[in-house]
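# Observations on chain architecture
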Amino acid sequence: MLAKMRQKAKDLLSSGVVSTVIGYGEGSGNRVRALFIRKPDDADKLILDERCVQNLAVYLTKREVRALGRPAVVARVPVMRTIQQLMFEKQVAEGEVAVIGISPDSQVLDFPDLKSMAEYVSAIPFELSADEKAAVEKLEKMTAGERWNFWLDVLSGCSKCYACRQSCPLCYCERCTVECNQPQWVSVPSHGLGNLEWHIMRAMHLAGRCVNCGDCFRACPLEIPLNLLTQKIITDIADKFGGADEYALNAFKPDDKEDFIR
Amino acid sequence: MSEFEPKIIAFVCNWCTYAGADLTGTSRIKYASNVRIVRLPCTGRIDFMLLMKAFSRGADGVIVSGCHPNDCHYTSGNFHARRRWIVFKSLLDFMGIDVRRIHFAWVSAAEGAKWAEVVNSVVNDVRALGPYDGYKNLAPIAADWRIQDAG
């Protein structure tokens, strides 16, 4: 598989179809880092194993990366979902990006265009893993007071470094609400109020968009389980709006059901 | 110490509930004076951050109200708002925030009596719950001036 992926990267670069291949390479220690391959010969530096989980789609909307020319990106299923969502949000257009797809069983996939990638990834059911479901349900079973204390406790270490935002390929706004100080929507100091406001806001702005790649959690230096919030919203949207729309909060049904509006 | 009087902030849409609240007044219906009304163009404009701000600025309860489904002045603002509220309310509950303090209603421009009833029942509910100290105490330094400032 590795050889096939490297060969594909080499072909794409030498034929001039793309000018950069964004993939995974060895970092320091046992870590994996994102690699930006510009020359066909460098394609042999690409690696692919179970450590390669970062969502590389995060680079597609960055200006510095766009300046490099047309990229190809090594994409597992969550990355392909992200690209699909970015297309829906008009951040990535057909022809702007080539995808070196990696199937769940680590086969290299060939996609002539993004449309065929979107069709492939749409056919794979989007749902939480059993562990993720169990974690959400565990919290749901607590009393409101217990949940409040749980979140105050896990968020108490948050210093709002915004690594969760930076690592998220769908948090691409150039002006984030958190940087707005007229009005100051989110309190700056890292006390309970500001932390709570930030995490609610982050989850709400990803509602119906999050692809559950888990990069926010992996980026968090304090290992705050902040993706529980987005997973909860994914569960709710599936339950209440009947499956994942492309962007559930961008759509509505006149007969959406609720039981709390009088 | 005198009995606790809750501070309620109501976010209402310009076309239905604000006009409805106006009708309550012109119909000379008396209702609890604990509510401070904030008029916005449409329920679709009621950002969830406004509700968060109300609580952090010392509100004990919040009312969000707009046109009934299919009556939106902008055709679909309230449908979008409804989806957002469904997700938002569930998220707040998941975080342990007291969702008994957040009330949603559809009040049309003709429902002056319903507005009075909504406000009265919310004020009674929140009065029974007491002040929302849990949220106010999140930012201990600012808590004092906030309570005084909110008048």
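Going by the structure above, here's the rest.
Conventions we followed
- Residues numbered from 1 in each chain as written.
- Chains lettered and ligands numbered in written order.
- Predicted model: local features only at pLDDT ≥ 70, side-chain atom pairs only at ≥ 80, totals over all residues.
- Heavy atoms only, no water.
- Helix = DSSP H or I, 4+ residues; strand = E, 2+ residues; numbered from the N terminus.
- Rg over C-alpha atoms; globule rule 2.2 N^0.38 Å.
- Buried < 20%, exposed > 50% of the residue type's maximum accessible area, 1.4 Å probe, protein only.
- Contact = heavy atoms within 4.5 Å.
- Areas by Shrake-Rupley, 256 points an atom, 1.4 Å probe, with all protein chains shown as cover.
- Lys, Arg positive; Asp, Glu negative; His and termini not counted.
- Charge placed at Lys NZ, Arg CZ, Asp CG, Glu CD.
- Core = buried A, V, L, I, M, F, W, Y, C linked by side-chain atoms within 4.5 Å.
- Salt bridge = Lys/Arg side-chain N within 4 Å of Asp/Glu carboxyl O.
- Phe/Tyr/Trp six-rings, centres within 6.5 Å; stacked < 30°, edge-to-face > 60°.
- Lys NZ or Arg CZ within 6 Å of the ring centre and 35° of its normal.
- Buried area = accessible area lost by both parts, 1.4 Å probe.
- Polar contact = N/O pair within 3.5 Å; in protein donor to acceptor, adjacent residues only side chain to side chain.
- Nonpolar A, V, L, I, M, F, W, Y, C, P; charged D, E, K, R; others polar.
- Expected span 1.5 Å × (residues − 1).

## Observations regarding the overall build of chain B
- Within chain B one finds six helices and four strands.
- The secondary structure elements of chain B, listed N-terminal to C-terminal, are β-α-β-α-β-α-β-α-α-α.
- Against the globule reference of 15 Å for 151 residues, chain B gives a C-alpha radius of gyration of 15 Å, in line with a compact fold.
- Counting over 151 residues, chain B shows a buried share of 56%.
- In chain B, of all internal contacts separated by at least 6 residues, the share reaching a separation of at least 24 is 81%.
- When the accessible surface of chain B is split by element, carbon and sulfur atoms take 51% of a total near 6400 Å².
- When the 18 positive and 14 negative side-chain charges of chain B are each reduced to one mean point, those points stand 4 Å apart.

## Observations regarding the nonpolar core
- Counting 66 residues, the largest nonpolar core has Trp151(A), Leu196(A), Ile200(A), Phe11(B), Leu51(B) and Tyr135(B) as the members making the most contacts within it.
- It is helix 3 (residues 77–94) of chain B that contributes the most residues to this core, eight residues altogether.
- Every residue in contact with Ile200(A), bar those within four places of it in the chain, is listed here: Phe48(B), Met52(B), Phe88(B), Leu91(B), Leu92(B), Met95(B) and Ile97(B).

## As for the pattern of salt bridges
- Inspection of every chain in the model, using the stated rule, returns 22 salt bridges over all chains.
- Measuring nitrogen to oxygen at the nearest pair gives 2.7 Å for the salt bridge that ties Glu174(A) to Arg63(A). Taken together, the positions of Glu174(A) in the loop between helix 7 (163–167) and helix 8 (192–205) and Arg63(A) in helix 2 (residues 63–66) put the pair 111 residues apart, joining distant regions of the chain. Accessibility assignment for this pair places Glu174(A) and Arg63(A) in one class, exposed.
- Linking Arg83(B) and Asp256(A) is a salt bridge whose minimum nitrogen-to-oxygen distance equals 2.9 Å. Placement of the pair is Arg83(B) in helix 3 and Asp256(A) in the segment after helix 10 (227–240), with the two residues belonging to separate chains.

## A short note on the packing of aromatic side chains
- This structure, assessed with the given rule, holds 15 aromatic pairs over all chains.
- An angle of 80° between the planes, with centres 5.0 Å apart, marks the rings of Phe36(A) and Tyr59(A) as edge-to-face. Separated by 23 residues along the polypeptide, Phe36(A) in strand 2 (residues 32–37) and Tyr59(A) in the loop between strand 2 and helix 2 bring together distant segments of the chain.
- A centroid spacing of 4.9 Å and a plane angle of 15° characterise the contact between Phe252(A) and Phe79(B), whose relative ring orientation is stacked. Placement of the pair is Phe252(A) in the segment after helix 10 and Phe79(B) in helix 3, with the two residues belonging to separate chains.
- Phe79(B) gets classed as buried once you look at its relative accessible area, which sits at 5%.
- Pairwise contacts between aromatic rings join Trp148(A), Phe55(B), Tyr132(B) and Tyr135(B) into one cluster.
- When the ring centre of Tyr18(B) is taken as reference, the NZ or CZ atom of Arg39(B) above it lies at 4.5 Å.
- One Lys or Arg, Arg83(B), reaches over the ring of Phe241(A) and ends 4.0 Å from the middle of that ring.

## Structural notes on the interface of chain B and chain A
- Taken residue by residue, the interface counts 38 residues in chain B and 47 residues in chain A.
- Contact between chain B and chain A buries roughly 4000 Å² in total, counting both sides, with carbon and sulfur atoms accounting for 71%.
- It is Arg83(B), Phe94(B) and Met95(B) in chain B that bury the most area against chain A; as a group they hold 24% of the surface buried on that side.
- Our enumeration of links across chain B and chain A arrives at three salt bridges.
- Along the contact surface separating chain B from chain A lie 15 residue pairs in polar contact (both at pLDDT 80 or more).
- Only helix 2 (48–56), helix 3, strand 4 (102–106), helix 4 (112–129) and helix 5 (133–136) of chain B provide two or more residues apiece to the side of chain B that touches chain A.
- For the side of chain B that touches chain A, the element with the most residues is helix 3 of chain B, which contributes 15 residues.
- Its residues assigned to classes, the side of chain B that touches chain A comprises 22 nonpolar, eight polar and eight charged.

## Here we look at the environment of Tyr132(B)
All names here are of chain B.
- Residue placement: Tyr132 occurs in the loop between helix 4 and helix 5.
- As for Tyr132 and Asp98, which are separated by 34 residues in sequence, their C-alpha atoms are 8.5 Å apart.
- Beyond its immediate sequence surroundings of up to four residues, Tyr132 is in contact with Phe55, Ala59, Asp60, Ile97, Asp98 and Arg101.

## Considering helix 10 of chain A
- Between its first and last C-alpha, helix 10 of chain A extends 20 Å over 14 residues, near the 20 Å set by a 1.5 Å rise per residue.
- Across the 14 residues that make up helix 10 of chain A, a large majority, ten, are buried.
- By the burial criterion, the buried members of helix 10 of chain A are Asn227(A), Leu228(A), Leu229(A), Thr230(A), Gln231(A), Lys232(A), Ile233(A), Ile234(A), Asp236(A) and Ile237(A).
- Contacts from the buried residues of helix 10 of chain A go to helix 5 (130–141), helix 6 (144–155), helix 8 and helix 9 (215–219) of chain A together with helix 3 of chain B.
- Count one or two residues on from helix 10 of chain A and you reach Gly242(A), which has phi positive near 65°.

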